[in-house]
Amino acid sequence: MTDPDKAYNVIDEPPGVRTPLVTGRHSYASLTDTVSHVAEMKTPLAWYIAFAISVFWVGVLGVGVIYLISTGVGIWGHKNPVYWGWPIVNFVFWVGIGHAGTLISAILFLFRQNWRTGINRFAEAMTIFAVICAALFPGIHIGRVWLAYWLAPYPNQMAMWPQFRSPLMWDVFAVSTYFTVSLLFWYMGMIPDLATLRDRTKSRIAGLAYGLFSLGWNGSSRQWHRYEVAYGLLAALAAPLVLSVHTIVSFDFAVSQLPGWHTTIFPPYFVAGAIFSGFAMVISLAVPARAFFGLKDIITRRHLENMCKVITATGTMVGYAYMMEFFIAWYSGSPYEKFAFINRALGPYAWAYWTMISCNVISPQVFWFKWARTTPWFMFVVSIFVNIGMWFERFVITVTSLSRDFLPSSWDYFRPTTWDVLFLIGSFGLFFTLFLLFCRFLPVVAIAEVKGVMAPVNPPEHAEYRTQLVH
Amino acid sequence: MADNTTSSDLDEDLADVAHHKDVTFEPRLAGVVAEFDRPETLIASSAAVRDAGYTRWDTHTPFPVHGIDAAMGIRRTILPWIVLIGGLTGTTIAIAMQYYMNASEDAEFGLGWPFAGYQYPISGKPYWSLPANIPIAFELTVLLAAFSAFFGMIGLNRLFRWYNPMFKLERFRLVTNDRFFLAIDSGDPKFNAQELPGMLRSLGATAVEECWDDEPRRLPSSFATVGLVLFALALVPPALVMRHRSVSWDTPEYHPVQDMDFQMKFKSQQRNPFFADQRAMRPQVEGTIARGQMVGDSRYYLGTEPGQAMASLQQPEANADNAGAAGSQELRATDQAAAEAGQTGPTPPAGPPAAGMNENQNWTDEIPIAVDERLMARGQQKYEIYCAPCHGLGGYGDGLVNRRALDLKAPTWVPVPSLHAPQTRKRADGYIYGAITQGVRKMPAYGSQIKPDDRWAIVLYVRALQRSQGAPSEDAGNP
């Protein structure tokens, strides 16, 4: 079998004609086989190894959480004046990652970008797992974890209600709504594909599980009709939702009065950054996964190329925001603002700031070159840089402003503890554990959706479908 | 399955099932299923089946085939309306919730019972400022709309029904892969099991099968029993929790989480070996004067001439504080006695004084602070706040509280006397001051609420009131 990456030679793509969304002369049945194979094949050894490593880190995370709860947040590097350290950095980082999934599944759907079908299931799964990792951090950061239910507005003998004018409260609502809606969206998209796995499996237990979760789906056209309407509505709801979530996360900073946080550019800038980091994460996951699971026909180089373009666009927006922050700091005439930004770029955290600039602003510019955005291994490397850069962005924002506030006598240099580092790695362990389970047991590509946009080789009359897509 | 099973096989199967599950039922022809290999043929056949007048039928496809809705005549779903209602409900709940929990206690905004909720003062921000409430309103709108979309779809599609007789057809498994099906239900008025296969084949079906439903229609009877038992068991934990919460316990509370309940410190009645007398609560250092207990100048603080034995009056404010609590029981006792004796009217009831000052003291008859117009104005203001509710603005004892108590014929109420009564006019200034500070007979003490300067201001104002009523004629000519 020829390597689909080679067969589809993007560089020679004639102008005005787009390469098909599914390459490699697939019929409906062979497509079903290719995707289902991922969930049906004998578990490969590499999967076990990767899973063991991930689960090990989940274990470390678990020990960390128990230690944290029994001892207190002092095990982290938090001390005066930096009380928002790594946990919040990690929280914002993971929530941001999640955004690409919803963007792909909802916003591209509304814009009728059919190429999304190859990667949306993947990206949505990533969203959900990233939001789980994100939600972990504020959850354990609140100190007395066992009182976390005080965040909920429920009648109680203390006559104590949440304070709805606080951005932190908005955050609770935004993140939990985001998680719930993403889960519904993801699960609903999966029902027909779960039915596919149900109808193919030979195992009783798998049949029962897939049967249970596919809810008796039988592909009825009357059901499809309502299903598509519901899907469109969910997409229309998820699109503004995803924008609201990172906006509200940015309010956690912007609504406070700390120089460097108190800026109106934060909401759009955070959203752009979130999409930027999320697409990088999709590439980091998709490039190895498509090679490993033989999905190169479905997640084609065209998909990867499109994502690289999004990365360059959002990366440039983020770069613009960094510049704008400096401009406004100067233009505002506020000495504190000016100091905050000069301190960011030239102060004790200059190393972090310039790491961020080179990863976020400079590295994605390589995708202006066609070679760079069509070569999977290369974009994988760049995507890792972007991930690192985006983590540092949150670090720079959170820590530089706090460590040098209005009162020079309380200035201090923030240092993370070993536990800070272990929690971050542990959250990656959790993310990959969930992701590996997803790859093993669930349909990794939206089979039914891809069938709707593909040009099957058989029956042959469908060949003209491809030309239809072009226009 | 039904198609290629001989009848004897079927009978055996059924006998088997019937034997095990102890349920009797008949296999039933559920419908006829035709298979197509292309979406185009399916669309064309759908139009034909619809034109032929069938009503209870459906097509089944691996992905949504575009154009089939029109061919089948599927009407647009009402789902968007459900979602709209869900979303609006979310907005309403969010706004009402935030209003109730953070902003509704105030009279300015409050709608009164039952909408009077709570108020949350946060750094002087307005209680109700819509922009701050929009994020949560938005999130709940989306959340409830999304729930309506999802569960609305599940509900309208009856996706909670896992079973379908078509799942028994081996062939039908391909419906989620690459085949297209058209199924006509046996309940259709035009259903004819003999003619349908031929017709469907002529439309281009690659295969036609009968679909038999051989599952019992009823749940096995054990389901109900098991369900009931489970339900009853599920009630046990909440019942235990409720009981636990409503019963009083003499064993100490179980403390899984320490919070700050146990602290390394001494409480007042504990032993502290550090001190020679081992008392954790230390006595005051000699010569300490607690706040508000500075009564050195007896004229100013007590209203009495100096030299009086002050033993019982050393802490006027503490006395005043206690008057309500300590005196209240005695009060009730005397009131009852008074009520039984049928005593009403302005004369104070007999018996020991319930609270308040010792009336026979060497009261001072001068106001010990500088008297000027400002003091008078202050006195009027304080009198109207503290005294007028009972004694009335003019001092005639016709305050609102008194009138209402008399209207209600409250049995324990002693009518408020007029401050213009001859004996009261004759009282020394210090007496009135003492009445305010320590209370007099049934009148409670106000010493804890009114500062000495203000008490004297009130005395001055009461004096002015008294003089203004029934003033001697020589006052009239002297403006």
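Scroll up to find the structure this text is about.
What counts, and where the lines are drawn
- Residues numbered from 1 in each chain as written.
- Chains lettered and ligands numbered in written order.
- Predicted model: local features only at pLDDT ≥ 70, side-chain atom pairs only at ≥ 80, totals over all residues.
- Heavy atoms only, no water.
- Helix = DSSP H or I, 4+ residues; strand = E, 2+ residues; numbered from the N terminus.
- Buried < 20%, exposed > 50% of the residue type's maximum accessible area, 1.4 Å probe, protein only.
- Contact = heavy atoms within 4.5 Å.
- Areas by Shrake-Rupley, 256 points an atom, 1.4 Å probe, with all protein chains shown as cover.
- Expected span 1.5 Å × (residues − 1).
- Salt bridge = Lys/Arg side-chain N within 4 Å of Asp/Glu carboxyl O.
- Phe/Tyr/Trp six-rings, centres within 6.5 Å; stacked < 30°, edge-to-face > 60°.
- Lys NZ or Arg CZ within 6 Å of the ring centre and 35° of its normal.

J.: Any chance you could break down the overall build of chain B for me, citing the residues and the numbers?
T.: Each helix and strand counted, chain B has 15 helices and 4 strands in total. Residues classed as buried in chain B amount to 35% of the 479 residues present. Restricting to contacts in chain B with at least 6 residues of sequence separation, those with at least 24 account for 68%. Of the roughly 29500 Å² of accessible surface on chain B, 57% is carried by carbon and sulfur atoms.

J.: Summarise helix H11 (residues 335-346) of chain A; cite the residues concerned and give the values.
T.: Residue and element names in this part refer to chain A. Here H11 is 12 residues long and its end C-alpha atoms lie 16 Å apart, about the 16 Å a rise of 1.5 Å per residue gives. Listed in full, the buried residues belonging to H11 are Glu 337, Ala 340, Phe 341, Asn 343, Arg 344 and Ala 345. Contacts made by the buried residues of H11 are with helix H10 (301-332), helix H12 (350-362) and helix H14 (376-403).

J.: Got a sec to walk through the pattern of salt bridges? Specific residues and values, please.
T.: All names here are of chain B. Scanning the model with the defined rule gives 23 salt bridges over all chains in all. Residues Arg 171 and Glu 209 are paired through a salt bridge, measuring 2.7 Å at the closest nitrogen-oxygen approach. On the criterion of sequence distance, the pair formed by Arg 171 in the loop between helix H5 (130-156) and strand S3 (180-185) and Glu 209 in strand S4 (residues 207-213) is long-range, its members being 38 residues apart. On the basis of relative accessible area, Arg 171 is assigned to the partly exposed category, the value being 33%. The partner of Arg 299 in a salt bridge is Glu 305, and the shortest N-O contact between them spans 3.0 Å.

J.: Please provide a residue-by-residue account of the packing of aromatic side chains, values included.
T.: Scanning the model with the defined rule gives 74 aromatic pairs over all chains in all. Here the aromatic rings of Phe 56 of chain A and Trp 57 of chain A are separated by 5.2 Å at their centres, their planes lie at 75°, and the arrangement is edge-to-face. A relative accessible area of 24% means that Trp 57 of chain A is categorised as partly exposed. Among the aromatic side chains, those forming a connected cluster through ring pairs are Phe 93, Trp 94, Phe 122, Phe 129, Trp 186, Phe 428, Phe 431, Phe 432, Phe 435 and Phe 438 of chain A. The aromatic ring of Trp 57 of chain B is capped on one face by Arg 222 of chain A, whose charged end is 5.9 Å from the ring centroid. Between the NZ or CZ atom of Arg 427 of chain B and the centre of the ring of Tyr 431 of chain B, over which it lies, the distance is 4.3 Å.

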